[in-house]
Amino acid sequence: MDLNFTPEERAFRDEVRSYLAENLPEYMSDAVRSGGELTKELMEEWHAILNKKGWLATIWPVEYGGPGWSPVEKYIFEDECCKAYAPRIVPFGLSMLGPVLIKFGNEEQKKTILPRILDGSDWWCQGYSEPGAGSDLASLKTRAVRDGDEWVINGQKTWTTLGQHADKIFCLCRTDPDAKQQEGISFILVDMNAPGVELRPIKLIEGGHEVNEVFFTDVRVPCSSLVGEENKGWTIAKYLLTHERTGIAGVGFSMQSLEEVKALARTVRRNGKPLAEDPLFAARVAQAEIDLEAMKLTNLRMLYKAQQQGAPGPETSILKIKGTVINQELKDLARRALGPVAAPFPGHVTDGNLMFGPEDTANNAARYFNNRKTSIFGGSNEIQRNILTKTMLEL
Amino acid sequence: MDFSLTEDRRMLQDSLTRYLTEQYPVEHRNKVAYDLPCHDHAKWDEMAELGALFALAPEDAGGFGGSGFDINVVFEALGTTLNCEPVLGALMASRLMTKAGADQEALLSGATKYAFAVSEVEAPYDPAYIECSAATSGDGHVLSGRKTSVYGGQVAEMFLVAAKLDGKLAVFEVQAADANVVSYPMMDGGGAAELLMDGTRAKLLIADAAYAVQDALNAGVVALCAEAVGAMAVTHDTTVDYLKQRKQFGVPIGKFQVLQHRAVDMLTEIEQSRSITIKAAAELGGADATRYASMAKNMIGRAARLIAEEAIQMHGGIAMTWEYPISHFAKRLIMLDAQLGDTDFHLTRIMNALKAA
């Protein structure tokens, strides 16, 4: 039993830290710290910086342009990126489609698509959820019908994150309506600019534009757009979801949130003294801090197990459940810390002399509302409990 | 980073767990636990022979362990079998004797039973508020005052007593025969004692003992956390088994999602508890030991109550009976919160750190 990182891992952490200090532009970390929406240009620029170093596709094997990191190295990299307030790597091409193509794609697909993900030529988005297929994803209805050497697609996808920036979308489509639910699904790549694809923004609870609906009306794509075998898309979907779950604990982001809450509690005054001295507020922060400290270790224990076994196990669902709940609690505390002055809609009270709190807290209410999503997406926390019921409890 | 046990610790864990499961099962434990002296002398000797006590002290103090992880291994095994022998008192006494450089062969071999008398009725958790006082008398000392909740005190031959000497916290040895010891079995099994002293003869062990006392308490907290993790795991496993077997409305009740999700939440909290206990064990003896011990004890207190109450609720009436083992696990899980600082006490310590920084 040894909770310390190896000398090699510590050296790697130093390397990442100094790399970020030299290469992460200040305007980017400021933008991340402010908690507002990031522009497409900013995200692309950060991707380009990382790609130059070979650190963009963190979970790809070396032969496809990944850094060849162990799970622990990947963890260290993400941890340092959080501490430095680096923009989050947009996952759809790099963490989702990339690993899928590497495992299930043909040589042509790997050769043509992977480099374009790396160099930013293509921005991918995810076409999974539908209005009638959320937690019950396998009930999806978007149809793909073979017509000569083309697929003809009709249907609707939703909750398409950052689809407004996307050039391409990977879709789960029903290709055999007569087969059992999971057995008639295929994984198909679609050009967002193809005739018949229409994107409509969804305005979210806090007013932001992060997700979209995507409509498909007689959209034609070549047969070569199929990934893996016809009607075997569910296997791919599940594989992709396990990758989506890695790093899902979001420990680094919660650490950021905790530090923000603490700083705020020492700055904000209430009843003639710092909020940090209010016992009820301090108790809430302390309990969240304890939960997060345990989460850090739970995360490392599962990382260690994944490293020993070669793949993350079903118990990563624990990370998803607990990690999102802790993060939501911290976002709630940040909002509470500001009290009524969390209310002004972001962007209205911006003059330094009039600001109610530190500049980077102006979005605290918006962040609280936006982060209610984390226990819903990526397999809702209830679905994670179903997974654990089957796999860990065998009920 | 390595979360596996060393070969030595694995062997100790295996042999101790096997011994306790086979020779000291819960049925036997229940016969011992609720009536004085709450102690099985023969089995105590056998546990000591297996190294359950030697594992608690470092090599230079005559043991073969002494780290937080050694404590974890021993107490998790005690927790899985709900053992009620006075190992906690031995552990805390051993920590103090190591600090004092005293010979502890008699303690580690199990020959002499030690208990640590630190709590007082109005200062159950924080040694800063101790009022029990020491005075010099001839070439020795005498102690006066009442110590409460002295775990293992019902069978201890020797007490290590925390008392104020010239305004400073000190630790003394007091022979059981020299003091008034009022013994009792506890609601959750195992025994303790009130120690009443009035000019009672004592031998100074550590003069400036604030740090040593805190270290002993931290070790005790790690031990209780590990014990709880073991007891929670058994309680949860038993509950899940019951969900598979118990049928109502024509199906095993484990088919009901409302129970499935609650059983998962128990699992999640146990994993979190295991994690924070490992962290507290790793930090034991270091500069942040008290902070992480407090974090662990707070989380364990919350989790243990959840596991105990949910186990009873999901079992239904059967877990309310004395006969069914889970009722005894549940009692232990609830009552250990009040040992060496409860959830609120330890949360306050973390809160105060927020203010101070």
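Now for a description of the structure that goes with this document. What you see is a predicted model, and the numbers here were worked out from it, not measured in a lab.

### Focus: the overall build of chain B
Part 1 of the reasoning: Scanning chain B from N- to C-terminus turns up eleven helices and nine strands.
Part 2 of the reasoning: Relative to the globule expectation of 21 Å for 357 residues, the C-alpha radius of gyration of chain B, 20 Å, shows essentially globular dimensions.
Part 3 of the reasoning: Referenced to the eigenvectors of the C-alpha coordinate spread, the extents of chain B come out at roughly 80 × 50 × 40 Å.
Part 4 of the reasoning: Burial analysis of chain B (357 residues in total) assigns 55% to the buried set.
Part 5 of the reasoning: Relative to all contacts within chain B whose residues are 6 or more apart in sequence, the contacts with residues 24 or more apart total 74%.

### Details of the overall build of chain A
Part 1 of the reasoning: Scanning chain A from N- to C-terminus turns up twelve helices and ten strands.
Part 2 of the reasoning: Computed over C-alpha atoms, the radius of gyration of chain A comes to 22 Å, within 12% of the 21 Å expected from 2.2 N^0.38 for 395 residues, which places it in the range of a compact globule.
Part 3 of the reasoning: Principal axes of the C-alpha set define a box for chain A whose edges measure 75 × 50 × 50 Å.
Part 4 of the reasoning: Looking at chain A residue by residue over its 395 residues, the buried ones come to 41%.

### Some words on the packing of helix H7 (residues 210–245) of chain B against helix H9 (residues 289–315) of chain B
Residue and element names in this part refer to chain B.
Part 1 of the reasoning: In contact at an axis separation of 9 Å, H7 and H9 are set at 25° when each is read in the N-to-C sense. Taken together, the axes of H7 and H9 are roughly parallel relative to one another. Read as a crossing pair, H7 and H9 show a hand that is left-handed.

### Description of the packing of helix H9 (residues 279–309) of chain A against helix H10 (residues 316–338) of chain A
Residue and element names in this part refer to chain A.
Part 1 of the reasoning: Two elements in contact, H9 and H10, have axes whose closest approach is 10 Å; the angle formed by their N-to-C orientations is 155°. Taken as axis vectors, H9 and H10 run roughly antiparallel relative to one another. Where H9 crosses over H10, the two elements pack in a sense that is left-handed. Between H9 and H10, the residues in contact are Arg284, Val285, Ala288, Asp291, Leu292, Met295, Thr298, Asn299 and Met302 and Thr316, Ile318, Leu319, Lys322, Gly323, Ile326, Glu329, Leu330 and Leu333, respectively.
Part 2 of the reasoning: Looking at side-chain class alone, the contact of H9 with H10 contains ten nonpolar, four polar and four charged residues.

### Some words on unusual backbone geometry
Residue and element names in this part refer to chain B.
Part 1 of the reasoning: Cis peptide bonds are those with omega within 30 degrees of zero, and the linkage from Leu36 to Pro37 qualifies with 10°.
Part 2 of the reasoning: Along the chain, the position of Pro37 falls in the loop between helix H2 (26–33) and helix H3 (41–49).
Part 3 of the reasoning: In this structure, Cys38 takes a positive phi of about 55° despite not being glycine.
Part 4 of the reasoning: Cys38 gets classed as buried once you count the C-beta atoms within 10 Å, which come to 22.
Part 5 of the reasoning: With a phi close to 55°, Phe249 is a non-glycine residue in the positive phi region.
Part 6 of the reasoning: Its location among the elements puts Phe249 in the loop between strand S8 (247–248) and strand S9 (251–252).
Part 7 of the reasoning: By C-beta crowding, Phe249 is classed as exposed, having 8 other C-beta atoms within 10 Å.

### Let's talk about the pairing of strand S2 (residues 133–137) of chain B
All names here are of chain B.
Part 1 of the reasoning: For S2 and strand S3 (residues 140–151), the ladder comprises five bridges, and the chain directions are antiparallel. By the bridge assignment, Ala135 is partnered in S3 with Val142.
Part 2 of the reasoning: Turn length for the S2-S3 hairpin, with the two strands adjacent in sequence and antiparallel, is two residues, and the turn residue Gly138 shows positive phi of about 65°.

### Some words on the environment of Ala293 of chain B
Part 1 of the reasoning: As for its placement among the helices and strands, Ala293 of chain B is situated in helix H9.
Part 2 of the reasoning: Remark: the alpha-carbon pair of Ala293 of chain B and Arg95 of chain B, spanning 198 residues in sequence, is separated by 15 Å.

About the criteria used
- Residues numbered from 1 in each chain as written.
- Chains lettered and ligands numbered in written order.
- Predicted model: local features only at pLDDT ≥ 70, side-chain atom pairs only at ≥ 80, totals over all residues.
- Helix = DSSP H or I, 4+ residues; strand = E, 2+ residues; numbered from the N terminus.
- Rg over C-alpha atoms; globule rule 2.2 N^0.38 Å.
- Buried ≥ 20, exposed ≤ 12 C-beta atoms within 10 Å, placed from the backbone.
- Contact = placed C-beta atoms within 7 Å.
- Axes fitted to C-alpha atoms, helices over the stretch in contact; angles between N-to-C directions.
- Parallel < 35°, antiparallel > 145°, perpendicular 65-115°, else oblique.
- Left-handed = near helix turned anticlockwise from the far one by under 90°.
- Nonpolar A, V, L, I, M, F, W, Y, C, P; charged D, E, K, R; others polar.
- Pairing = 2+ DSSP bridges.

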